[in-house]
Amino acid sequence: MKTLTISKPDKKLKGRISLPTSKSVSNRLLIMQAISGLEFPVEGLSGSDDTMLLQKLISGIKTVNATKRIIELDTQNAGTVMRFLTAVLSIRPGKWILTGSERMKQRPVWALVDALRDLGADIEYLSRIGFPPLLIKGKPLPGGETAIESGVSSQFCSALLMIAPYLPEGMVIHLKGQAVSVPYIDMTLRMMEHFGARLRKTRHQIRIRPGVYLEKSFTVEADWSAASFWYEAAALADEVDLELIGLKKESSQGDSILAKVYHDFGVNTEYTAEGVRLTRSRKKIDGYYFNFSDYPDIAPPVITTCALLGLRGRFEGLMGLKIKETNRLLALKNEFEKLGLSLSYDNSQGMIPVLDLKPSKLKTRIEQPIETYGDHRMAMTFAPVALKTGSIRITNPDVVGKSYPDFWTDLESVGFELR
């Protein structure tokens, strides 16, 4: 397996980075285009592997006749692609098999399937109950009321929402349990409203009236999730003057909370006409607490930042991390051990995991390479460690293409050395 050695001869972080555009926004745009049949003008569509895959699959769906034969679609390890297409294909006439990688077959989809079945969808599990692959017999659905377990993944709710205007009765979604990643649901709703959807949201219910999406232009903003690794690097560096191009203060992305989070670590965010400028100040804290229920994607870099700064930490709202591209809780624990860092689980709250971080002394020499587990965020989370250790080795570096294809090029542009 390919291994990349990352080194940093100094602890300075200076330069200008043009961040990739948001994969989350881009994938929602593609789904709304597919449902509506419109090709509304989009500027800045993400170049990530996931978005390119979704674009390819949607293009294929348009050109095949699934009423005459079963069409199989491979979503690989792209969670949004699997979940969004499950909803789309349930209302598209034909027979479809929706499958993915071995890891995808371990990522639950039962909450979405149950909700769609309530609406009359014909979906079967082809192997393990509750998990892909799925056989979907698409047909027109009337709409109506359904309920969804909202404590597993916000993508299930977003998938339902986006097809709702095209059901004759619209849809009323009852949110069961404590919802996670609520900003992603709100992002979906704001985008739907931009394209003309009529809806109303209360704490435990979302009502969408029947209608159509309108042909309107849309510009995809830069990805705040991608910015998290640069915020991490800024917290670990001694001197910082870094521009991140494309970020907006008034953003639809929940991960824009990064500016507030990293202020606690001494990273200052100045909003400019082009994006943000990060600088460094000295700030003394002994420990850090955070609940990641609404911000799961920034959990790996934030937790790693705390560990490398020698802080005590306690982190909650981590249930969703178990069903990402890898089990990120276990992955972080395993890789922290290679660095001499201590991360422990607290399962005293039942099935809801809590992570405790104890101050540990970082090893000066890292013998083993960091495993990425086929997970883009694991690779990017551990790259800035070189600011503390001088160098670090990371396996399968190409996984960053899933969301940030130019990450290694950008890393080199600010003084990191790669070989």
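Residues numbered from 1 in each chain as written. Predicted model: local features only at pLDDT ≥ 70, side-chain atom pairs only at ≥ 80, totals over all residues. Heavy atoms only, no water.

**Q** Sorry, what's going on with unusual backbone geometry here?
**A** With glycine set apart, most residues show a phi of negative sign, and most peptide bonds adopt trans. Of note, the bond from P132 into P133 is cis; its omega dihedral lies within 30 degrees of zero at 5 degrees. Structurally, P133 can be placed in the loop between β6 (122-125) and β7 (134-138). Residue Q76 is not a glycine yet carries a positive backbone phi of 55 degrees. The residue Q76 is located in the loop between β4 (71-74) and α3 (79-90) in this model. According to the relative accessible area criterion, Q76 is partly exposed, its value standing at 44%. Residues other than glycine seldom take positive phi values, yet Y373 does so here, at roughly 60 degrees. Along the chain, Y373 turns up in the loop between β19 (354-358) and α11 (376-382). Taking the relative accessible area as the measure of exposure, Y373 reaches 32% and is therefore partly exposed. (Helix = DSSP H or I, 4+ residues; strand = E, 2+ residues; numbered from the N terminus. Buried < 20%, exposed > 50% of the residue type's maximum accessible area, 1.4 Å probe, protein only.)

**Q** I'm lost on the packing of aromatic side chains in this one. Help?
**A** The relative placement of two aromatic rings is captured by the distance of their centres and the angle of their planes. Under the counting rule described, the total for this entry stands at 16 aromatic pairs. Ring centres of F265 and Y288 lie 4.8 Å apart, and the angle between their planes is 50 degrees; this geometry places the pair in the tilted category. Residue F265 is found in the loop between α8 (258-263) and β14 (267-271), and its partner Y288 is found in strand β16 (residues 287-291); the two are separated by 23 residues along the sequence. Exposure remark for Y288: the relative accessible area of 11% places this residue in the buried category. (Phe/Tyr/Trp six-rings, centres within 6.5 Å; stacked < 30°, edge-to-face > 60°.)

**Q** Just to check I follow, could you spell out the pairing of strand β17 (residues 312-316) for this structure?
**A** Across a regular strand the side chains alternate sides, sitting on one face of the sheet and then on the other. In this structure, β16 lies alongside β17, joined through five bridges in parallel fashion. Counted as the bridge partner of G287 is R312 from β17. Two strands pair when backbone bridges link them, and β17 and β19 are joined in this way by three bridges, in the antiparallel orientation. Note on β19: the bridge partner recorded for R314 is D356. (Pairing = 2+ DSSP bridges.)

**Q** Would you take a moment to explain helix α9 (residues 299-308) for this structure?
**A** Side chains of residues three or four places apart in an α-helix project in the same direction, reflecting 3.6 residues per turn. Taking burial as the measure, the 10 residues of α9 include 10 buried ones, the bulk of the element. Among the residues making up α9, those that are buried are A299, P300, P301, V302, I303, T304, T305, C306, A307 and L308. G310, located one to two residues past α9, shows a positive phi value of around 75 degrees.

**Q** How should the sheet that holds strand β20 (residues 391-395) be read in this particular structure?
**A** Pairing between the strands of a sheet comes from backbone hydrogen bonds, and it takes one of two forms, parallel or antiparallel. Judged by pairing direction, the sheet is antiparallel, and its three strands sit side by side in the order β20-β1-β21 without closing on themselves. The open sheet has two edge strands with one neighbour each: β20 and β21 (417-418). Both strand β1 (residues 3-7) and β20 contribute to a ladder of five bridges, which runs antiparallel. Each bridged residue has a counterpart across the sheet, and for S7 the counterpart in β20 is S391.

**Q** Would you mind showing me how to read helix α6 (residues 182-194) here?
**A** Under the 1.5 Å per step criterion, the end-to-end length of α6 is 19 Å for 13 residues, consistent within 8% with the ideal 18 Å. Regarding α6, the residues found buried are P183, Y184, I185, M187, T188, L189, M191 and M192. Here the buried face of α6 lies against α1 (23-36), α5 (154-163), β10 (199-201), β11 (205-208), β12 (218-219) and α7 (224-236). Of the residues one or two after α6, G196 is the one with positive phi, at around 100 degrees. (Expected span 1.5 Å × (residues − 1). Contact = heavy atoms within 4.5 Å.)

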